[in-house]
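# Breakdown of the fold
Residues per chain, in single letters:
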Amino acid sequence: MIRAAVVFVALGAALLAGARHLVELELADGPRLRARARDQERKTFVLPAVRGSILDARGRQLVSTSRQPCVFADPSLITNFAFEAAAIAEILEVDPRWLESELLRRRETRYWVIARQVREDQAEAVRDLVRHRRTRAFGIKMENWRHYSYGRLASHVLGFVGFERTGLAGIEQRFDDLLRGRDGRRRSMVDARSRRIRQLTDETEPAVDGASVILTLDATIQQSAEAHLGACVSEFSAAWGVAIVMDPWSGEVLACAVAPSYDPLDPSPDRMDEDVAAQLRINHAVASAVEPGSIFKPFIASAAVDGGLITIDEELEIDGPVRSWRGRRIHDFKRHEWLPLWGVLAQSSNIGMGILGDRVGNERLYEYVRRFGFGEPTGVRLPGEAWGTVRPLELWDDYSTQSIPIGQEMAATPLQVIAAFSALCNDGILYRPRIVRGVLGADGETLEDCSRPIPIRRVLEPEVVRAVREQGLRAVVEEGTGRRAQLDGWQVFGKTGTGQIDDRVNGGYLEDLHTASFVCGAPLENPRISVLVSIYKAQTEEDGGGKLAAPVAKLIVADTLAYLEGPVPPRDGVED
Amino acid sequence: MDVRPLESLETHRGFDRLVVLLAGLLMVLGTVMVYSATATVDQRAFDLQDILGGRIRQAVFAVLGFLVMVFAAQIDCRIWRWEKPGDGWWAGSLYVAAVVLLVALFLPGIGEERMGATRSLRLPGGLSFQPGEFAKVALVIWTAAVLCQPWRDMRRVVRGYGYVLVTGGLLVGLVGVEDFGTGALLGVVLVGMLFVSGAVWWHLLLTGFAGAAVGGFLIWLKPYRFQRLMTWFSDQPDVEGAGYQILQSQMAIASGGWWGRGLGAGVRKYGYLPQDNNDFIFAIVCEEIGVIGGLAVVTMFLLLLMRGWWIATRSGSPFCRLIAVGVTMTICLQAAFNVAVVTNLVPTKGISLPFVSAGGSGVLFLGLAAGMLASTARTVPLPAETADE
């Protein structure tokens, strides 16, 4: 009995010792060990926000983000390289020997992406393989990828994103904050290998997906503009060309084409020199200010009419083709004796504009130039907008009096020109050009509504506008330098221009390279669109605005009006 | 076979329901905890495939173990007695079977090696069998049977003490080669039973020295044992290697706090704590139902111990007293040792928590042992009859 008691008491003491130690452990080390355990168990995962879309004015998705499977490998876990590579290569349709050697080369590494953006069936096949072979050497990860539905369309406006999914150009850059959204976070309990334990609850702060930007662009008009502009630029090997279509009554940019285009998915192609690629990515519509040349004449002429210094019908004594001002010789292409002001525009007479310059004087010229918005950015919401060049009045001299009226001694971006010209297409109001209509949040709520026109100022009285348009600018197309823009069914009005280009090396102007421009509106009675086409440094003798740019503008006008207004009714009695 | 006369099997009362209840509760806890501890990160909430494929196994074994326990409790355990020459069929064949099974471990192709130790025999159907668990029951029965033989004189060496020590020691040694912890446990049980049956002090002392020598030899046999011992003695445990497990065990206990994270809500079982469903299940118990839950488990073993004491001191049969002592020792010593290992009171040894840890052999043979303990209670006279004895 005593011996049995000893045994049982000893056993009881052993059990109690364990229990006591358990309590001591909790009392002494509990909080410290608990904190340490909590540290190990929790991990924060980032829930990436989906970048917002960019839509055109009609809601077409120009840019969107989609989740695409990506196949990665952990080469350090591969045992039989030839065998594994063959299986994966067959699914991914790549060369098994290539894959094997690439994997072997990285046998010390833990992570290598084999292929991105694979098809869903390929991803599923890889998942099956992984499950079947119980391997962790391969896996599928979902990645967000930017998708440009129309390829290169409007690439200069849309821009592109970098590797870190950051907008680096265009709308992608300007609206990056809104498009990007906010990444969410999930604090999960994880196992010893940092894998999330699904059974246990997470603390989740959901991602806020990016907002969508709605542009004023219309993909159809944009396509037409890019097609016609691109054909001309490549045919004449021009450095670049810009075509802008605007709604003159609102300032909305309906199309903004820059040629040559680039691929937003590959903005710096390997085979291309980075300087060349960077040149290619410049949005010349807003970033390049050039001397406008003769397309500038209507602004000075109409402002002079508006100021009562001249009427549209007043005859000026040209006595060309050359006239000299204080030793400076101004040339016309053709010889004219007398021209009314509308004729000066129609024939693009430099001498006529020179005479007008004398009558207006520098101070008023400067005021006209600024009134049309030149010399300051338009405020369109695109990155990298140039101000253009309008020198301060103090620096103007006698030379300026004849230079400014013919669009020299200053520089303007294509967007500034089309914005100013739109005032001649509506009833004389300068509107701020807009390319963004609004921003919608991820849930469809309106974050920004910029669909309203923003009038800056009235630059001309309506009757002046009508007079300049119906006499001067119509004559340009009907009988003047812009005859190649004539269109069946629609009365086009406009102005040609052949701008000189600074010779950066030798000073003065380049001999044989010009900026061929045509700015126009249509239809005459109630203009629906204004269009600017500028072709920079075309490699051809025939590089005048009327020869090069007007035909392109005509095609764009025809397409756009057909699209907006419907087909032109055939004229009575005429059969083709 | 000789069927015992009815009057010798005459009982004063039925089997002990408290023992069955306590062991049954522990089995239920084991089923739940093993189910919880075998959870994996990528499983779905309810996956029939997953459950039938393994996680439900412990429940099946627990049910079988419970049935074995109830069955054993129904049978008078005195059938194992060897009090007359020629009586020894049951106990003798049990002993021989245990020796044969333990020897079979060393035969190539039959033994199954896991983590450097061969402790189980491969069975068809993906099952395995641990002779060590069987040896626990066999040792208790054999020792009790031999000690109760009237011709044994415990004061004599060859015919008495030595015979029991050597025959029992053979089992202990065979177990100890591959499973030091269980071997040591069985050695203590053997010595304990010898001690209770009146062994001479200096015999026991000598046995103690011999046991220490054998133990030292067995530690020398497997280097990892020495390493674990060193880990335990070290002030700054090696967190990467052998000390990792014990640190993780303590973190699991601590992360449950007093009241635990809730059943199934533990995290340390997801790859942090090795051996989380068998040797270290007590840590998971503490994590999920708290230190309070752990204390409750210890309390259940204490109750079992007290019930064993109650039977051992009141039973009218010397054989049953020894069985009660042996079984209670086996279960409670194992439990005490396991709790001590998990809380880092003693060096890490592969000892499972009775009835709770995963493993079929363990729950079946401990169920058998608990059934025998419950059965011995029938030899405890009812209060009215106590006066007669």
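Just above, that's the structure.
Throughout what follows, the structure given in this document is the object of discussion. (Residues numbered from 1 in each chain as written. Chains lettered and ligands numbered in written order. Predicted model: local features only at pLDDT ≥ 70, side-chain atom pairs only at ≥ 80, totals over all residues. Heavy atoms only, no water.)

Our focus in this paragraph is the overall build of chain B. Assigned secondary structure in chain B consists of 15 helices and 3 strands. Classification of the 389 residues of chain B by burial places 56% in the buried group. Counting only contacts in chain B whose residues sit at least 6 apart along the sequence, the fraction spanning at least 24 positions is 75%. Approximately 16500 Å² of chain B is accessible, and the part contributed by carbon and sulfur atoms is 68%. (Helix = DSSP H or I, 4+ residues; strand = E, 2+ residues; numbered from the N terminus. Buried < 20%, exposed > 50% of the residue type's maximum accessible area, 1.4 Å probe, protein only. Contact = heavy atoms within 4.5 Å. Areas by Shrake-Rupley, 256 points an atom, 1.4 Å probe, with all protein chains shown as cover.)

This paragraph deals with the packing of aromatic side chains. Residues and elements named next belong to chain A. Considering all chains together, one arrives at 19 aromatic pairs over all chains under this definition. For the ring pair phenylalanine 299 and phenylalanine 372, a centre distance of 4.9 Å and an interplane angle of 45 degrees mean the geometry is tilted. You can see phenylalanine 299 sitting in helix H11 (residues 297-306) and its partner phenylalanine 372 sitting in the loop between helix H14 (362-371) and strand E15 (389-390), a full 73 residues away along the chain. Of the residues examined, phenylalanine 299 reaches a relative accessible area of 1% and is grouped as buried. Among the residues examined, phenylalanine 372 registers a relative accessible area of 2% and is labelled buried. Taken together, the aromatic side chains of Phe296, Phe299, Phe372 and Phe374 make up a single cluster linked through ring pairs. Its guanidinium or amino end placed over the ring of tyrosine 399, arginine 328 lies 4.1 Å from that ring's centre, counting from NZ or CZ. Seen from the ring of phenylalanine 493, arginine 469 lies directly overhead, with NZ or CZ sitting 5.8 Å from the centre. (Phe/Tyr/Trp six-rings, centres within 6.5 Å; stacked < 30°, edge-to-face > 60°. Lys NZ or Arg CZ within 6 Å of the ring centre and 35° of its normal.)

Residues Lys334, Arg483, Arg484 and Lys547 of chain A make up a contiguous surface patch of positive charge. Along the chain, lysine 547 of chain A turns up in helix H18 (residues 545-565). (Patch = residues over 30% accessible without salt bridge, like charges linked within 9 Å, V, L, I, M, F, W, Y side chains within 5 Å. Salt bridge = Lys/Arg side-chain N within 4 Å of Asp/Glu carboxyl O. Lys, Arg positive; Asp, Glu negative; His and termini not counted. Charge placed at Lys NZ, Arg CZ, Asp CG, Glu CD.)

Another aspect to go through is a negative patch on the surface. A cluster of like negative charges, contributed by Glu511, Asp512, Glu541 and Glu542 of chain A, occupies part of the molecular surface. For glutamate 542 of chain A, the position within the fold is in the loop between strand E23 (529-536) and H18.

It is worth spelling out the nonpolar core at this point. All names here are of chain B. Judged by nonpolar contacts, the single largest core of 120 residues is most densely connected at Leu194, Phe282, Phe301, Leu353 and Phe355. Sorting elements by how many residues they give to this core places helix H12 (residues 281-314) first, with 17 residues. If we ignore the near neighbours within four places in the chain, the residues touching phenylalanine 355 are Ala23, Leu26, Met27, Gly30, Phe301, Leu304, Ile331, Val363, Leu366, Gly367 and Ala370. (Core = buried A, V, L, I, M, F, W, Y, C linked by side-chain atoms within 4.5 Å.)

On to the environment of alanine 312 of chain B, then. Tracing the chain through its elements places alanine 312 of chain B in helix H12. When its relative accessible area of 6% is taken as the criterion, alanine 312 of chain B is described as buried. It is 16 Å that separates the C-alpha atoms of alanine 312 of chain B and alanine 73 of chain B, two residues lying 239 residues apart in sequence. Contact partners of alanine 312 of chain B, with chain neighbours within four places excluded, come to Phe8 of chain A together with Arg321, Ala324 and Val325 of chain B.

Here we take up helix H17 (residues 462-478) of chain A. Here H17 of chain A contains 17 residues, and its C-alpha end-to-end distance of 22 Å stays within 8% of the 24 Å for a straight helix at 1.5 Å per residue. Most pronounced at arginine 469 of chain A, the bend in H17 of chain A amounts to some 35 degrees. (Expected span 1.5 Å × (residues − 1). Bend = angle between axes of the 7 residues up to and from the residue.)

This brings us to H12 of chain B. Residue and element names in this part refer to chain B. With 34 residues, H12 should cover 50 Å at 1.5 Å per step; its first-to-last C-alpha distance of 35 Å lies more than 12% under that length. Taking the largest bend as the criterion, H12 deviates by roughly 125 degrees, centred on isoleucine 289. Summarising burial for H12: 25 of the 34 residues are buried, a large majority.

A word on the interface of chain A and chain B. At the junction of the two partners, chain A supplies 39 residues and chain B supplies 55 residues. When chain A packs against chain B, close to 3900 Å² is buried across both sides, 74% of that on carbon and sulfur atoms. When the buried area of chain A at its contact with chain B is split by residue, Arg3, Phe8 and Leu15 of chain A rank highest and sum to 20% of it. Taken together, the links from chain A to chain B amount to 2 salt bridges. Ranked by the residues each element gives to the side of chain A that touches chain B, the list is headed by helix H1 (residues 2-41) of chain A, at 28 residues. A class-by-class count of the residues in the side of chain A that touches chain B yields 23 nonpolar, 6 polar and 10 charged. (Buried area = accessible area lost by both parts, 1.4 Å probe. Nonpolar A, V, L, I, M, F, W, Y, C, P; charged D, E, K, R; others polar.)

Glancing now at the side chain of histidine 203 of chain B. Take histidine 203 of chain B: it is sitting in helix H9 (residues 201-221). Excluding its chain neighbours within four sequence positions, the residues that come into contact with histidine 203 of chain B are Met154, Arg155, Val157 and Tyr161 of chain B.

Before going further, it helps to spend a moment on unusual backbone geometry. Along the chain, alanine 259 of chain A connects to proline 260 of chain A via a cis peptide bond; the corresponding omega equals -5 degrees. Relative to the helices and strands, proline 260 of chain A is located in the loop between strand E10 (252-259) and helix H9 (274-281). Within the chain, glutamate 93 of chain A stands out as a residue other than glycine whose phi angle is a positive 60 degrees. Structurally, the position occupied by glutamate 93 of chain A is in the loop between helix H2 (81-92) and helix H3 (96-105). Accessibility expressed as a relative area gives 56% for glutamate 93 of chain A, which makes it exposed. Positive phi is not limited to glycine here, since phenylalanine 355 of chain B has a value of about 70 degrees. Along the chain, phenylalanine 355 of chain B turns up in the loop between helix H13 (318-342) and helix H14 (360-376). By relative accessible area, phenylalanine 355 of chain B is classed as buried at 2%.

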